[in-house]
Amino acid sequence: MGDFRFARYQAAEPNARGRFPGVFGLVNGLRRRGELTAAQEEFVRVNNAWYNAAYTDPSTVDPAVYDRAVNPDARAWFKTEATHLVVRLPGYLAILDAHGVRWERLESDDPGRIVYEDADQVVVVPRSPALDLQLP
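Residues numbered from 1 in each chain as written. Predicted model: local features only at pLDDT ≥ 70, side-chain atom pairs only at ≥ 80, totals over all residues. Heavy atoms only, no water.

### Focus: helix H2 (residues 38-54)
Part 1 of the reasoning: End to end, H2 covers 24 Å across 17 residues, agreeing with the expected 24 Å (1.5 Å per residue, within 8%).
Part 2 of the reasoning: Inspection of H2 places Gln40, Val44, Asn47, Asn48 and Tyr51 among the buried residues, and these make up the whole buried set. On an axial view of H2, the arc spanned by its buried residues comes to 115°, and they lie on one face. Counted as exposed and oriented over 90 degrees from the buried face of H2: Ala38, Ala39 and Ala53.
Part 3 of the reasoning: For H2, the secondary structure elements touched by its buried residues are helix H1 (23-32), helix H4 (83-86) and helix H5 (89-98). (Helix = DSSP H or I, 4+ residues; strand = E, 2+ residues; numbered from the N terminus. Expected span 1.5 Å × (residues − 1). Buried < 20%, exposed > 50% of the residue type's maximum accessible area, 1.4 Å probe, protein only. Arc of directions from axis to C-beta. Contact = heavy atoms within 4.5 Å.)

This is the structure in structure tokens:
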């Protein structure tokens, strides 16, 4: 995954609320709208269950992690050494491609202010561009 510490897969364009949903949110949105084929639905069902068992949902540790008033625009990033979690992503990305949903992969050593961290991921609040300009 390169030399960066963190990676994120997200929408290439903002949604109606100006946010960039992650890969799981994008695929689960297609699923909720009934847009998946039977094979895609089965893939998502099996792999979502695997992800739910394989790593912690940050909001179960700290319910405020994704609270928009507390941590505006909080988003999860994979730690690049968590290759066991990233290995299943190509199937999700293929679903997005099949439905014409544009996505991008971001890489960073410093994606924002960390509000949650475990062995596999971080949840960060992106820094304001204005604040970034003030940093030495």
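### Let's talk about the sheet that holds strand E3 (residues 103-108)
Part 1 of the reasoning: What the five strands build is an open sheet, ordered E3-E1-E2-E5-E4; its pairing is antiparallel. The open sheet is flanked by E3 and strand E4 (113-117), the only strands paired with a single partner. Strand-to-strand twist in this sheet, taken as the mean axis angle between neighbours without regard to direction, amounts to 35°.
Part 2 of the reasoning: When strand E2 (residues 75-79) meets strand E5 (residues 121-125), the two strands line up antiparallel, connected through four bridges. In the sheet register, Ala76 faces E5, and the bridge partner there is Val123. (Pairing = 2+ DSSP bridges. Axes fitted to C-alpha atoms, helices over the stretch in contact; angles between N-to-C directions.)

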